[in-house]
Amino acid sequence: ALERKIRRYRPRTVAFLGVTIYRILFPHENGERFFAVGPTEARLAGVPVFVLPNPSGRNAHYSYEEMLRIFILLRKHAYASARRRIRPHYFLLP
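Heads up: these notes are all about the structure in this document.

About the thresholds
- Residues numbered from 1 in each chain as written.
- Predicted model: local features only at pLDDT ≥ 70, side-chain atom pairs only at ≥ 80, totals over all residues.
- Heavy atoms only, no water.
- Helix = DSSP H or I, 4+ residues; strand = E, 2+ residues; numbered from the N terminus.
- Buried < 20%, exposed > 50% of the residue type's maximum accessible area, 1.4 Å probe, protein only.
- Polar contact = N/O pair within 3.5 Å; in protein donor to acceptor, adjacent residues only side chain to side chain.
- Contact = heavy atoms within 4.5 Å.
- Pairing = 2+ DSSP bridges.
- Axes fitted to C-alpha atoms, helices over the stretch in contact; angles between N-to-C directions.
- Patch = residues over 30% accessible without salt bridge, like charges linked within 9 Å, V, L, I, M, F, W, Y side chains within 5 Å.
- Areas by Shrake-Rupley, 256 points an atom, 1.4 Å probe, with all protein chains shown as cover.
- Salt bridge = Lys/Arg side-chain N within 4 Å of Asp/Glu carboxyl O.

1. Quick word on the side chain of Thr40
Working step 1: Mapped onto the fold, Thr40 is located in strand β2 (residues 38-44).
Working step 2: Look at Thr40 and you get buried, because its relative accessible area is 17%.
Working step 3: Reaching out from Thr40, the side chain makes a polar contact with the backbone nitrogen of Ala42 at a distance of 3.2 Å.
Working step 4: A polar contact is formed between the side chain of Thr40 and the backbone oxygen of Val49, at a distance of 2.8 Å.
Working step 5: Those residues in contact with Thr40 that lie beyond four places of it in its chain are Tyr22, Phe35, Val49 and Val51.

So, in structure tokens, the structure goes:
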């Protein structure tokens, strides 16, 4: 269902909020215990995958400054993708 939605809306980047869902969907991509958030080599339905830290108050692994830096990196990544391909759709998954 997720891949079908991605093919339908064709976003420039698929961003996952939190490392846990990325590890579930791409177990072969994350053999190391420590995982750096940000752009990945993974693709979902042909679209680049970006992993963001979970901003939940229960997640004390990242400081505000680190999270801000990574969210800004996502914006830059999406804009760089936009220059290669014009399709400004965004959608949120429940």
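2. Looking at the sheet that holds β2
Working step 1: Overall, mixed pairing links the three strands, which are arranged β1-β3-β2 in an open sheet. In the strand order of this sheet, the two ends are held by β1 (14-17) and β2, each with one partner. Here the average twist between neighbouring strands, direction ignored, is 35°.
Working step 2: Bridge analysis of β2 against strand β3 (residues 47-52) gives four bridges, and the strand direction is antiparallel. Within β3, the residue paired with Arg43 across the bridge is Pro48.
Working step 3: Along the sheet face, helix α1 (residues 2-9) touches β1, β2 and β3 and points at about 100° away from the line of β2.

3. Remarks on a nonpolar patch on the surface
Working step 1: On the surface, a cluster of nonpolar side chains totalling about 260 Å² of accessible area is made up of Ile21, Ile24 and Leu25.
Working step 2: Inspection of the secondary structure puts Ile24 in helix α2 (residues 19-25).
Working step 3: On the basis of relative accessibility, which here comes to 57%, the residue Ile24 falls in the exposed class.

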